[in-house]
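Residues per chain, in single letters:
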Amino acid sequence: MRIMGLDFGSKTVGVAISDELLITAQGIEIIRRKEENKLRQTLARIEALIVEYNVTEIVLGYPKNMNDTLGERVRLTEEFKEKLERRTGLSVSLWDERLTTVAADKAMMEAGIRREHRKDYVDQIAAALILQGYLDWKGRQKENG
C-alpha cells in the first residue's frame, strides 16, 4: 500500500510515491502533455503507475494563492481531482502546495543543479514535497490519535 502525490500544472504533472511504510516520498516522474485540457493520456499514465506501485490513495497539490484566496488554478485542480476520483476509484485528498515550487527550486540550487536544468525536475520535486508534507501530517495524526 502506497500513497501517490501529484503536482498538477498546466502542461505537466509531477508524480511522487511513498514508501510502503508511508514515511518517505520519492519523486518518480513528470508526465508532460502538449495542451492543458488534453488529459486522457495523463490519466492513463497515472492509472498505470497506480497499478505498478499498488497505490491506495492520492494526494493532489492545492494551489491556493499566498493570501489564501482561490484562483483559476484551484478550479482546474478541483476538476482534475473529480476526474481522478471517477477514473481511478481512489480517494483524492487536496493538500496546500503553497511554496513547494519555491522549496523545490531552492533544493535544486543547493544541490548544484544548473538553472537551465531545474525546470526538468521542479514538478517532480514539488510532488515529493507535497506528498512528504501529507505523510508527515498523517504520521502526527497517528501519534496523537
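For the structure, see preceding data.
Residues numbered from 1 in each chain as written. Predicted model: local features only at pLDDT ≥ 70, side-chain atom pairs only at ≥ 80, totals over all residues. Heavy atoms only, no water.

Broken down by element type, the protein carries five helices and five strands. Oriented by its inertia axes, the alpha-carbon framework of the protein measures out at about 40 × 35 × 35 Å. Classification of the 145 residues of the protein by burial places 41% in the buried group. Restricting the contact set of the protein to residue pairs at least 6 apart, pairs at least 24 apart contribute 61%. Between the averaged position of the 24 positive side-chain charges in the protein and that of its 24 negative side-chain charges there is a distance of 4 Å. (Helix = DSSP H or I, 4+ residues; strand = E, 2+ residues; numbered from the N terminus. Buried < 20%, exposed > 50% of the residue type's maximum accessible area, 1.4 Å probe, protein only. Contact = heavy atoms within 4.5 Å. Lys, Arg positive; Asp, Glu negative; His and termini not counted. Charge placed at Lys NZ, Arg CZ, Asp CG, Glu CD.)

Core analysis: the biggest nonpolar cluster contains 20 residues, and Met 4, Leu 6, Ile 46, Ile 58, Phe 80 and Leu 84 have the highest contact counts within it. Where this core is concerned, the elements lending two or more residues are strand S1 (2-8), strand S2 (12-18), helix H1 (40-53), strand S4 (55-62) and helix H2 (72-88). In terms of nonpolar packing, the next biggest core, distinct from the first, is built from eleven residues, Ile 3, Ala 16, Leu 22 and Ile 130 among them. (Core = buried A, V, L, I, M, F, W, Y, C linked by side-chain atoms within 4.5 Å.)

Right, let's talk about the sheet that holds S4 for a bit. Strands sit in the order S3-S2-S1-S4-S5 across an open sheet of five strands; the sheet is mixed. Since the sheet does not close on itself, it has two edges, and those belong to strand S3 (25-32) and strand S5 (91-96), each with one partner. Across this sheet, the average inter-strand angle for adjacent strands is 25°, counted without regard to direction. The pairing of S1 with S2 spans five bridges and is antiparallel. Bridged to Asp 7 within S2 is Gly 14. (Pairing = 2+ DSSP bridges. Axes fitted to C-alpha atoms, helices over the stretch in contact; angles between N-to-C directions.)

One pass over the full model with this rule turns up four aromatic pairs. On the basis of an interplanar angle of 50° and a centroid distance of 5.8 Å, the ring pair of Trp 95 and Trp 137 is categorised as tilted. Remark: Trp 137 occurs in helix H5 (residues 122-144) and Trp 95 occurs in strand S5; sequence separation between them is 42 residues. An angle of 35° between the planes, with centres 5.8 Å apart, marks the rings of Tyr 134 and Trp 137 as tilted. Of this pair, Tyr 134 and Trp 137 both sit in helix H5, three residues apart, which is roughly one turn of the helix. Among the aromatic residues, ring-to-ring pairing joins Trp 95, Tyr 134 and Trp 137 into one connected group. (Phe/Tyr/Trp six-rings, centres within 6.5 Å; stacked < 30°, edge-to-face > 60°.)

In a regular helix each residue adds 1.5 Å, so 14 residues correspond to 20 Å; H1 covers 20 Å between its end C-alpha atoms and thus fits that length. Turning to H1, its buried residues are Thr 42, Leu 43, Ile 46, Leu 49 and Ile 50. Projected onto a plane normal to the axis of H1, the buried residues spread over an arc of 120° and lie on a single side. Residues of H1 that are exposed and point over 90 degrees away from its buried face: Arg 40, Gln 41, Val 51 and Glu 52. (Expected span 1.5 Å × (residues − 1). Arc of directions from axis to C-beta.)

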